[in-house]
Number of protein chains: 2
Amino acid sequence: MIEIFAIPGLPEIRAGADLAALIADACARSDVSLRAGDVVAVAQKIVSKAEGRVVALEDVAPSAEALRLAEQTGKDARLVELMLRESSRVLRWREATIIVEHRLGFVCANAGIDRSNVPQEVPGKTLVTLLPADPDRSARHLRDGLRRRVGVETAVLILDSHGRPFREGAVGVAIGVAGLHPLTRMAGWVDRYGYALRSTVMATADEIAAAASLLMGQTSESRPVVVVRGAPYQPSEGSVGELIRERSKDLFR
Amino acid sequence: MIEIFAIPGLPEIRAGADLAALIADACARSDVSLRAGDVVAVAQKIVSKAEGRVVALEDVAPSAEALRLAEQTGKDARLVELMLRESSRVLRWREATIIVEHRLGFVCANAGIDRSNVPQEVPGKTLVTLLPADPDRSARHLRDGLRRRVGVETAVLILDSHGRPFREGAVGVAIGVAGLHPLTRMAGWVDRYGYALRSTVMATADEIAAAASLLMGQTSESRPVVVVRGAPYQPSEGSVGELIRERSKDLFR
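Quick caveat, the model's predicted, so the values are computed rather than measured. Numbering of residues begins from 1 in every chain and follows the order in which that chain's sequence is written. Lettering for chains starts from A, numbering for ligands starts from 1, and both go in the order in which the items are written. Only residues with pLDDT of at least 70 get local features here, since the model is predicted, and only at 80 or more are side-chain atom pairs given and counted; chain-wide, interface and lining totals rely on the full set of residues.

### Some thoughts on the pairing of strand 9 (residues 171-178) of chain B
Residue and element names in this part refer to chain B. Rule in force here: For the exposure call, what matters is how many other C-beta atoms sit within 10 Å of a residue's own: 20 or more marks it buried, 12 or fewer exposed, and in between partly exposed, using C-beta atoms placed from the backbone. Numbering goes from the N terminus for both helices and strands, where a helix is a DSSP run of H or I of at least four residues and a strand is a run of E of at least two. In this scheme, strands are said to pair when DSSP sees at least two bridges between them.
For strand 9, the tally of buried residues reaches eight of eight residues, placing the bulk of the element in the interior. When strand 8 (residues 155-162) meets strand 9, the two strands line up antiparallel, connected through seven bridges. Counted as the bridge partner of Leu159 is Ala174 from strand 9.

### Comments concerning the packing of helix 3 (residues 64-73) of chain B against helix 4 (residues 77-86) of chain B
Residue and element names in this part refer to chain B. This is how the line gets drawn: Angles here are taken between N-to-C directions and fall from 0 to 180 degrees, while the axes themselves are lines fitted to C-alpha atoms, restricted in helices to the stretch in contact. The scheme is simple: roughly parallel for angles under 35 degrees, roughly antiparallel for over 145, roughly perpendicular for 65 to 115, oblique for anything else. Take the far helix as your reference; a near helix turned counterclockwise from it by less than a right angle gives a left-handed crossing, and one turned clockwise gives a right-handed crossing. Think of it this way: build a C-beta for each residue from its backbone, and any pair within 7 Å is a contact. Any residue that is not Ala, Val, Leu, Ile, Met, Phe, Trp, Tyr, Cys, Pro, Asp, Glu, Lys or Arg is counted as polar, Gly included; the first ten are nonpolar and the last four charged.
Across the interface, helix 3 lies against helix 4 with an axial gap of 8 Å and an inter-helix angle of 120 degrees. As the angle between them shows, helix 3 and helix 4 are arranged oblique. Crossing geometry of helix 3 relative to helix 4 is assigned as right-handed. Along its contact with helix 3, which presents Glu65, Ala66, Leu67, Leu69 and Ala70, the element helix 4 presents Ala77, Val80, Glu81 and Leu84. The residue inventory of the contact of helix 3 with helix 4, partitioned by class, reads seven nonpolar, no polar and two charged.

### Some thoughts on the nonpolar core
As a reminder, the rule being used: Each nonpolar core consists of buried Ala, Val, Leu, Ile, Met, Phe, Trp, Tyr and Cys residues. Their C-beta atoms, within 7 Å, join them into a set.
Among the nonpolar cores identified, the biggest contains 158 residues, and Val42(A), Leu157(A), Leu159(A), Val42(B), Leu157(B) and Leu159(B) are the most heavily contacted of them. For Val42(B), the contacting residues outside a window of four places in its chain are Leu19(B), Val47(B), Leu142(B), Val156(B), Ile158(B), Leu159(B), Pro224(B) and Val225(B).

### Some thoughts on the pairing of strand 8 (residues 155-162) of chain A
Consecutive side chains along a regular strand alternate between the two faces of the sheet. All names here are of chain A. Most of strand 8 is tucked away, with eight of its eight residues classed as buried. Of the two faces of strand 8, the one carrying Ala155, Leu157, Leu159 and Ser161 and the one carrying Val156, Ile158, Asp160 and His162 are both buried. In the sheet, strand 2 (residues 39-43) pairs with strand 8 via five bridges, with the strands oriented parallel. From the neighbouring strand, Ala43 faces strand 8, where its bridge partner is Leu159.

### A word on the environment of Gly112(B)
Residues and elements named next belong to chain B. Looking at the secondary structure, you find Gly112 in the loop between strand 6 (107-109) and strand 7 (127-129). For the pair Gly112 and Pro132, spaced 20 residues apart in the sequence, the C-alpha separation amounts to 9.7 Å. Apart from residues lying up to four places away in sequence, Gly112 is in contact with His102, Leu131 and Asp160.

### Focus: the sheet that holds strand 6 (residues 107-109) of chain A
Residue and element names in this part refer to chain A. With antiparallel pairing, the three strands of this open sheet are ordered in space as 4-5-6. The open sheet has two edge strands with one neighbour each: strand 4 (87-94) and strand 6. Adjacent strand axes in the sheet meet at a mean angle of 25 degrees when their direction is disregarded. Direction of pairing for strand 5 (residues 97-102) relative to strand 6: antiparallel, over a ladder of three bridges. Pairing of Glu101 across the sheet is with Val107, part of strand 6.

### Comments concerning the sheet that holds strand 5 (residues 97-102) of chain B
All names here are of chain B. As summarised here, the arrangement of the three strands in space is 4-5-6, forming an open sheet in which the pairing is antiparallel. Both edges of this open sheet fall to strand 4 (87-94) and strand 6, since each of them pairs with a single strand only. Sheet twist, expressed as the average angle between the axes of neighbouring strands with direction ignored, equals 25 degrees. Pairing of strand 4 with strand 5 involves six bridges; the strand directions are antiparallel. Bridge pairing in strand 5 places Val90 opposite Val100.

### Focus on helix 1 (residues 19-30) of chain A
Residue and element names in this part refer to chain A. To keep it simple, the criterion reads: By this rule the span expected of a helix is its residue count minus one, scaled by 1.5 Å. Note: the arc covers the axis-to-C-beta directions of the helix.
For helix 1, built from twelve residues, the straight-helix expectation of 16 Å at 1.5 Å per residue is met to within 8% by its first-to-last C-alpha distance of 16 Å. Within helix 1 the residues assigned to the buried category are Leu19, Ala20, Ile23 and Cys27. Seen along its axis, helix 1 keeps its buried residues to an arc of 100 degrees; they face one direction. Packed against the buried residues of helix 1 are strand 2, helix 2 (44-50), helix 5 (135-150) and strand 12 (225-229). One or two positions beyond helix 1, positive phi appears at Asp31, with a value near 65 degrees.

Laid out in structure tokens, this is it:
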């Protein structure tokens, strides 16, 4: 049995926030106890905000390349400039969509930059979030903080939503991992008839992320932390790097 | 709160099996009650077997094209022949992997053909499963059967595992849908700060499929039916067609 529930009552997250403390407090107030083995799934947005990964578009001077791509896609040139800075290369673009290879290795739209749910704290400024600088480190940091404050060994996933090349709609995926092996290797397993299995590696972290995403919804500010309890996984330090396909093994890039 | 659990005690599925009856019986024996709104996620493999979508490789004569591609990939030419028959075109191949566009529209490895867990009922024959001929119809049929036998309105997903171009590991996805809208459209929604959301369409059916897949594991014969209870979705007749990106909108094919 797997149980998935959101941790209610988290406050608005601001730069410098201690997410472990806020989650521990919210658990205490709502009578939720984290248990050993729980996977704590956290929306990228609040991690970015806690880490101050927020930029005002007004402070961004677009390069010539950004101006060109902005014109071709109808996007804000300052936003495109940030996408270029966050990416190692632009893979595809069409109309309002720019698909990049993020510096962190992910292939994603708009370099994970988002301007929804960023509080407009500064009058006259349009704020956007960038992905955390090192989402695995963010996940480890939160996991360590929860261990200290709640006394249990959890796993932590940082979540974003990614589109897929061949399927419509986005799904929750892990962009940062701590405490679990993101891939479940079934190499060498044989089924009951003695045949080797066709799919030998499952992306367990992404399946857990997708499951948690069901409750996060898209107004992720309201339910940015979701607990997945009872999902089978292999404990490990883990890293999202294991989920990223190397360019050389990629048949479509 | 979402709860996910497997229905235990299903028998080996053979051609002609009435899956709705077998699931209803297994529920009754194990004291599991399906409830209105439950999503019943079923492994493609048992649907294919119930529908007799099983082929003996010994009965397949490979074409010249299949022989050529088999040599290039090191695969069984008879298996490659079936892949070609099941596909509208081969998109990519490398070593042991052939990525096709299935006649049903999915981009997937090996045309969804699988030889794990197919009982070797016929001595000297190597049996493989093909995808159901019309997985939406299979899903509708099962949903109707469950309504008749258990008296509740469920949604049904037929699941397969697909790799992703840019990420390692496979994840559970829906290849047949009945009773829910596979996409949750958030177009027009604005967040609390008045900004339109970046990701406006979530692939809810695929997120539910991934969640269910966590419990199915890969030896899908043992836990081929998993119930997802409490996942938010929009009731609808639904069709997996909504999840398939048209080739013209695809930036990577």
